[in-house]
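Each chain, written out:
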Amino acid sequence: MLTGSGKPVPITTSLPVVAGCAAGTHGLVVYAYWRDGGSRRFTGISGVDSLGKQTWSREIADEAQIRAHPSGTTFVITYGGAAEVIDPAGRTVARHSGTASAAYTADGELALLTTEGKLRWLAH
C-alpha cells in the first residue's frame, strides 16, 4: 500500500491471498473470498494499519461486499440482506437490515439499496 509519504508499505495479514481492498485516506481493509468443500461461500476481512500490519480480522459465512468511507474511518459490509457499518477496529457501529447493496459517496453519504429496490440515503 502507499502511505502519505508516497513510500510503499508491504501488507501483512492472515489471509492466504487478497482479492481486493477498501480504502480511505486514514484506513484500509483487505478481503478474500473462498468456498468450502460444500460450495458454501465465505469472505475473510482484515483491517490494516498505516504500517501495513493486520489489526483485526473477521470471517463471514457469506459472500460480502465491502466499501470504505472516503476517510477510511468507517467501512460498510453488505451480506445476508443487511449492511453493517464497522469502525477501523472492526467493531459494528450500525446495522441496516433489508439492504441488498451499500456504498459511500465521495462526500461520505451512505447510500443503501434496499431489498425492495428502493434507494435510502444516510447522512454522514
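Note that this is a predicted model, so its numbers are computed, not measured.

Another point: the sheet that holds strand E9 (residues 99–104). Ordered in space as E9-E10-E11, the three strands form an open sheet in which the pairing is antiparallel. Of all strands in the sheet, those with a lone pairing partner are E9 and strand E11 (119–122), marking the two edges. Between one strand axis and the next, the sheet turns by 20° as a mean value, whatever way the strands run. When strand E10 (residues 110–114) meets E11, the two strands line up antiparallel, connected through four bridges. Each bridged residue has a counterpart across the sheet, and for leucine 112 the counterpart in E11 is arginine 120.

Relative to the helices and strands, alanine 106 resides in the loop between E9 and E10. The exposure class of alanine 106 is exposed, given its relative accessible area of 78%. C-alpha separation for the pair alanine 106 and aspartate 36, spaced 70 residues apart in sequence, amounts to 36 Å.

This next bit is on the pattern of salt bridges. Where side chains of opposite charge bring their charged atoms close, a pairing between them can arise. Applying the stated criterion to the full structure yields four salt bridges. The partner of arginine 58 in a salt bridge is glutamate 84, and the shortest N-O contact between them spans 2.5 Å. Placement of arginine 58 in strand E4 (residues 54–60) and of glutamate 84 in strand E7 (residues 82–86) is noted, with a sequence separation of 26 residues between them. What makes arginine 58 partly exposed here is its relative accessible area of 22%. One continuous salt-bridge network, built from bridges that share partners, spans Arg58, Glu84 and Arg95.

With that out of the way, let us pick up the pairing of strand E8 (residues 92–97). With five bridges connecting them, E7 and E8 associate as antiparallel partners. The residue bridging isoleucine 86 from the neighbouring strand is threonine 92, located in E8. Here E7 hands over to E8 after five residues, with glycine 90 in that stretch at a positive phi of 85°.

Turning to the nonpolar core, a few remarks are in order. One broad trend across soluble globular proteins is that nonpolar side chains are buried collectively. Formed by 13 residues in total, the largest nonpolar core has its most connected members in Val29, Ile45, Ile66 and Ile77. At the level of elements, strand E2 (28–35), E4, strand E5 (65–68) and strand E6 (75–79) are the ones that each hand at least two residues to this core. Here this core takes three residues from E6, the largest share from any one element. The residues contacting valine 29, other than those within four sequence positions of it, are Gly20, Cys21, Ala22, Ile45, Ser46, Gly47, Trp56, Ile66 and Phe75.

Turning to the sheet that holds E4, a few remarks are in order. Taken in spatial order, the four strands of this open sheet run E1-E2-E3-E4, and their pairing is antiparallel. A strand with exactly one partner marks an edge of an open sheet, and here the two such strands are strand E1 (20–23) and E4. The sheet shows a mean angle of 20° between the axes of neighbouring strands, taken without regard to direction. By the bridge criterion, four bridges tie E1 to E2 in an arrangement that is antiparallel. Looking at E2, one finds that alanine 22 is bridged to valine 29.

Cut-off values and rules
Residues numbered from 1 in each chain as written. Predicted model: local features only at pLDDT ≥ 70, side-chain atom pairs only at ≥ 80, totals over all residues. Heavy atoms only, no water. Pairing = 2+ DSSP bridges. Helix = DSSP H or I, 4+ residues; strand = E, 2+ residues; numbered from the N terminus. Axes fitted to C-alpha atoms, helices over the stretch in contact; angles between N-to-C directions. Buried < 20%, exposed > 50% of the residue type's maximum accessible area, 1.4 Å probe, protein only. Salt bridge = Lys/Arg side-chain N within 4 Å of Asp/Glu carboxyl O. Core = buried A, V, L, I, M, F, W, Y, C linked by side-chain atoms within 4.5 Å. Contact = heavy atoms within 4.5 Å.

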